[in-house]
Amino acid sequence: MYAAKYLLSIEEFLDAENGEALLARAFSYVDEERERKARRVRPGPVRAASLGAGLLLQAAVREAAAAGMCAPEGGGMGMAGDGLWNKPNNKPWNRPQVGLWADGEAGTTKIYEKQNEIKQYSVKGLLEFLYGTSPISLAYVYGKEGKPYFRDLPVYFNLSHSGEYVLCAVSTEEIGADIQQHCGKDVGKLARRFFPEREWTALERAGEERERLFYRLWARKEAYGKLTGKGVADALGVDLLPGEGLPGKAVPGGAEAAVLPEGRGLLWEEYGIMEAYSIAFCRFS
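For clarity, every value in this text was computed on a predicted model and none was experimentally measured.

**So, the sheet that holds strand β1 (residues 3-9)**
Then, in step 1: Spatially, the 4 strands line up as an open sheet ordered β4-β1-β8-β7, and their pairing is mixed. Single-partner strands in this sheet number two, and they are β4 (119-122) and β7 (156-162). Each neighbouring strand pair of the sheet contributes to a mean axis angle of 15°, computed without reference to strand direction.
Then, in step 2: Inspection of the sheet shows β1 paired to strand β8 (residues 165-171) by 7 bridges, in the antiparallel sense.

So this is what it looks like as structure tokens:
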């Protein structure tokens, strides 16, 4: 199975001095549908996230094509620069970490080491990565619940944004991805209203880790809803409590297998790259 995961900080897009110039450059690197979508929304964080998602898709499809997963039409496939690891101050972000990936049939788990990486970009680094290329022409189709798919490519993708980050996953299998900024809401009240009893009971026992666990669960529910294409509303009542003990933190590069009530298995990857964010990916086993 091929799977690639990407994280973009849109902080530079929001910079009062240089952000507008970077946004203008970004428009020239995204596909036409992404460009139209970004222009329809008001300038600010939502437009920045929309453009950032378009840039990540360009990078992701280029890398999938380089790996032999797909052959998109249009756009040079050359890749320039090594700026993907650079923040604005040129200090490296977290490098890929070796973690555990859970694989196997529902109810059966095999654990083995795998290079579970999220490639992390700054805006300038991503624009440098794409410099000198023309945008790949990407066409989309939508499932009955609105989930987007590439029309002409044999890979799946999933996008998420929260706070100052955009998350992207591309895979040869269906995949759900989500990032959640920890916002300090009344998580106990929200959990009692929306979560199954086992989940909100665990949150009540979590003490100082309550907020972290809540957003970890919310990221799981969003990722699961995106995997199925039915959205988070369908996932709220599904018990997705991590099984390794509570309270718990997402382990960078960690993974876990779970079994849904109907017997279908889920495979999880979770990352704690930033202190105030939770990241989750899931796919069917």
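**Topic: the pairing of β8**
Then, in step 1: Burial of β8 is extensive: 7 of the 7 residues sit out of reach of the surface.
Then, in step 2: Burial of the side chains of β8 extends over both faces: Y165, L167, A169 and S171 are buried on one face and V166, C168 and V170 on the other.
Then, in step 3: For β7 and β8, the ladder comprises 7 bridges, and the chain directions are antiparallel. Its bridge partner being in β8, S160 is matched across the sheet by L167.
Then, in step 4: The antiparallel pairing of β7 with β8 creates a hairpin that spans 2 residues between the two strands, and G163 there sits at a positive phi of about 60°.

**Topic: the packing of aromatic side chains**
Then, in step 1: Across all of its chains, the model carries 12 aromatic pairs by this definition.
Then, in step 2: With centroids separated by 6.0 Å and ring planes inclined at 70°, the aromatic side chains of Y149 and Y156 adopt a geometry described as edge-to-face.
Then, in step 3: Relative accessible area serves as the criterion here: at 23%, Y149 is assigned to the partly exposed category.
Then, in step 4: For the ring pair F195 and F214, a centre distance of 5.4 Å and an interplane angle of 15° mean the geometry is stacked. Here F214 lies in helix α7 (residues 210-228) and F195 lies in the loop between α5 (187-194) and α6 (197-205), a separation of 19 residues in the sequence. Each of the two residues, F195 as well as F214, counts as buried.
Then, in step 5: Three or more aromatic residues link up through ring pairs in this structure, and these residues are F195, F214, Y215 and W218.
Then, in step 6: For the cation-ring pair, R192 lies above W200, with the distance from its terminal atom to the ring centre recorded as 3.9 Å.
Then, in step 7: Above the ring of W268, the side-chain terminus of R220 is found at 4.5 Å from the ring centroid.

**Topic: the environment of G146**
Then, in step 1: Mapped onto the fold, G146 is located in the loop between β5 (140-142) and β6 (148-150).
Then, in step 2: In the structure, G146 is positioned 83 residues away from G229 in sequence and 7.3 Å away in space, judged by C-alpha atoms.

**A short note on the pairing of β4**
Then, in step 1: Here β4 shows two buried faces, one formed by K119 and Y121 and the other by Q120 and S122.
Then, in step 2: Across 4 bridges, β1 lies against β4 in parallel orientation. Following the sheet pairing, L8 is matched in β4 by Y121.

**Overview of the pattern of salt bridges**
Then, in step 1: For the structure shown, the criterion picks out 15 salt bridges.
Then, in step 2: Between R212 and E275 there is a salt bridge whose closest N-O contact spans 2.8 Å. One end of the pair, R212, is in helix α7; the other, E275, is in the loop between β11 (265-271) and β12 (277-284), with 63 residues separating them in the sequence.
Then, in step 3: Its relative accessible area of 60% is what places E275 among the exposed residues.
Then, in step 4: The salt bridge involving E270 is made with R220; its shortest N-O contact spans 2.9 Å. Residue E270 is located in strand β11, and its partner R220 is located in helix α7; the two are separated by 50 residues in the primary sequence.

**Some remarks on a negative patch on the surface**
Then, in step 1: Taken together, the side chains of E11, D15, E17 and E164 make up a negatively charged region of the molecular surface.
Then, in step 2: With respect to the secondary-structure elements, E17 resides in the loop between β1 and α1 (19-27).
Then, in step 3: With relative accessibility at 71%, the residue E17 sits in the exposed group.

Conventions and cut-offs
- Residues numbered from 1 in each chain as written.
- Predicted model: local features only at pLDDT ≥ 70, side-chain atom pairs only at ≥ 80, totals over all residues.
- Heavy atoms only, no water.
- Pairing = 2+ DSSP bridges.
- Helix = DSSP H or I, 4+ residues; strand = E, 2+ residues; numbered from the N terminus.
- Axes fitted to C-alpha atoms, helices over the stretch in contact; angles between N-to-C directions.
- Buried < 20%, exposed > 50% of the residue type's maximum accessible area, 1.4 Å probe, protein only.
- Phe/Tyr/Trp six-rings, centres within 6.5 Å; stacked < 30°, edge-to-face > 60°.
- Lys NZ or Arg CZ within 6 Å of the ring centre and 35° of its normal.
- Salt bridge = Lys/Arg side-chain N within 4 Å of Asp/Glu carboxyl O.
- Patch = residues over 30% accessible without salt bridge, like charges linked within 9 Å, V, L, I, M, F, W, Y side chains within 5 Å.
- Areas by Shrake-Rupley, 256 points an atom, 1.4 Å probe, with all protein chains shown as cover.
- Lys, Arg positive; Asp, Glu negative; His and termini not counted.
- Charge placed at Lys NZ, Arg CZ, Asp CG, Glu CD.

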